[in-house]
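# Reading the structure
Each chain, letter by letter, is given below.
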Amino acid sequence: MKSYWIRPDSGKTVVELRDAPAPEPGPGQILLRMHAAGLNRGELIVGHAVKAGGPAKAAGGEGAGEVAKLGQGVTAFKTGDRVMGRCSGAFAEYSLIDAREALAMPKNLSWEEAACIPLTFMVVHDMLIAQGRLKAGEWLLVTGISAGVGVAALQTGKALGAKVIGTSGSDEKLARLKSMGLDVGIRTRSGDFADAVMKATEGKGANLVVNNVGGSVFAETIRALAYEGRHATVGYVDGVLESEIDIEALHTKRLTLFGVSNRLRTAEQRAVTVRGFAADILPLIAAGKIKPLVDRVFPFAELPAAKAYMESNAQVGKIAVRIAG
């Protein structure tokens, strides 16, 4: 089968197309014939997907496809079922998925839409619901809101009844997102938005912050938080891994800071998130109340072009790769 691999090279990541035998599903696994996969920015950052100086690894972390073969003990699915989920090596003609991560595709989704849901919206469930405890009427601030996780956070936040503030360096992207319910758009790529957040919230601040950007805006997100505010760190696309922290603000405002990553979680811990997403967000997607935003679809042979497009920061929402029709 054909599959893409990703490796570090001079501080950047490079994708390579390789030939490999189709994998065999072990106990509790499902072999999927992949139809589409979603591209995620974390895969492009050395330290996220691959270690500097480390070996190459199979590319792709989420996708959708048909069940080709079931491993021992898998009873919830049958051959031919349409499935989506988080899976390693998703940019391939065939990929293995842990049955605990597999979800039946809602009938109202295309392959590309389904492929762009699992990783992104499960991260959003972790941030907004499981750890963030976002309530109707609260203010949600999302930095770098035009990226895949940012748009999904906007959509989910609005579905939960929250008011959403987003930052972006593009007026055009903010205008597009306002048509999707964005309450306040702040045009900036710098850590200079706390005053605007305070003005929008009548001096109270954001109840929950989703920091997609990283350390360059961390101190400003702390300044923008409300009393008993919560702060989710989900990425560091700016490459800035350190920042000052206002200890007095942390103390007096009784802030909660948390990270969102699956890197050190067990399979069962990840499965808990899957079940939470299936209960809280998937019904909204199946009912059409949340529609994943796919900015552009690339053919399988053009994954390097899809990577370059993501690195150009041109997209609003997700980038999908079509593997099979």
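Because the structure is a prediction, the values reported are computed rather than measured.

### Section: the sheet that holds strand S9 (residues 139–143)
- Spatially, 6 strands are ordered S11-S10-S9-S12-S13-S14 in an open sheet, and the strand pairing comes out parallel. Each of the sheet's edge strands pairs with one partner strand only, and the pair in question is strand S11 (184–187) and strand S14 (256–259). In this sheet, neighbouring strand axes are inclined to one another by 15° on average, regardless of whether the strands run parallel or antiparallel.
- Bridge count for S9 against strand S10 (residues 163–168) is 4 bridges, and the pairing is parallel. Bridged to Val142 within S10 is Gly166.
- Here helix H3 (residues 148–159) sits on the sheet and contacts S9 and S10; the angle it forms with S9, its principal contact strand, is near 170°.

### A few points about unusual backbone geometry
- For Ser10, which is not a glycine, the phi torsion comes out positive at approximately 55°.
- With respect to the helices and strands, Ser10 occurs in the loop between strand S1 (2–9) and strand S2 (12–19).
- Even without being glycine, Asn313 reaches a positive phi, approximately 60°.
- Within the element layout of this structure, Asn313 appears in the loop between helix H10 (303–311) and strand S16 (318–322).
- With a relative accessible area of 41%, Asn313 lands in the partly exposed category.

### Some points on the packing of helix H2 (residues 118–130) against helix H8 (residues 267–280)
- Where H2 contacts H8, the axes come no closer than 9 Å and their chain directions differ by 85°. Here H8 runs roughly perpendicular to H2, going by the angle between their axes. Contacts between H2 and H8 involve Phe121, Met122, His125 and Ile129 on the former and, on the latter, Thr273, Val274, Gly276, Phe277 and Asp280.

### Here's the deal with the pattern of salt bridges
- Scanning the model with the defined rule gives 22 salt bridges in all.
- Its salt-bridge partner being Glu16, residue Arg7 comes within 2.3 Å of it at the nearest N-O pair.
- Overall, the relative accessible area of 22% leaves Glu16 in the partly exposed class.
- The salt bridge involving Arg176 is made with Asp295; its shortest N-O contact spans 3.7 Å. In this pair, Arg176 is assigned in helix H4 (residues 171–178) and Asp295 in strand S15 (residues 294–299), connecting sequence segments 119 residues apart.
- Residue classification places Arg176 among the partly exposed positions, given a relative accessible area of 35%.
- Through salt bridges with shared partners, a single network forms among Asp98, Arg100, Glu268 and Arg275.

### Quick look at the side chain of Asn40
- In this fold, Asn40 is placed in the loop between strand S3 (29–39) and strand S4 (57–58).
- What Asn40 contacts, discounting residues up to four positions off in sequence, is Glu62, Leu119, Thr120, Met310 and Lys318.

### Let's talk about the packing of aromatic side chains
- Applying the stated criterion across every chain yields a total of 2 aromatic pairs.
- Between Tyr4 and Phe300, the aromatic rings sit 5.1 Å apart at their centres with planes inclined by 75°, giving edge-to-face as the arrangement. Here Tyr4 is found in strand S1, whereas its partner Phe300 is found in the loop between S15 and H10, with 296 residues between them in sequence.
- For Tyr4, a relative accessible area of 4% gives the class buried.
- Since its relative accessible area comes to 13%, Phe300 is described here as buried.

Reading guide: rules and limits
- Residues numbered from 1 in each chain as written.
- Predicted model: local features only at pLDDT ≥ 70, side-chain atom pairs only at ≥ 80, totals over all residues.
- Heavy atoms only, no water.
- Pairing = 2+ DSSP bridges.
- Helix = DSSP H or I, 4+ residues; strand = E, 2+ residues; numbered from the N terminus.
- Axes fitted to C-alpha atoms, helices over the stretch in contact; angles between N-to-C directions.
- Contact = heavy atoms within 4.5 Å.
- Buried < 20%, exposed > 50% of the residue type's maximum accessible area, 1.4 Å probe, protein only.
- Parallel < 35°, antiparallel > 145°, perpendicular 65-115°, else oblique.
- Salt bridge = Lys/Arg side-chain N within 4 Å of Asp/Glu carboxyl O.
- Phe/Tyr/Trp six-rings, centres within 6.5 Å; stacked < 30°, edge-to-face > 60°.

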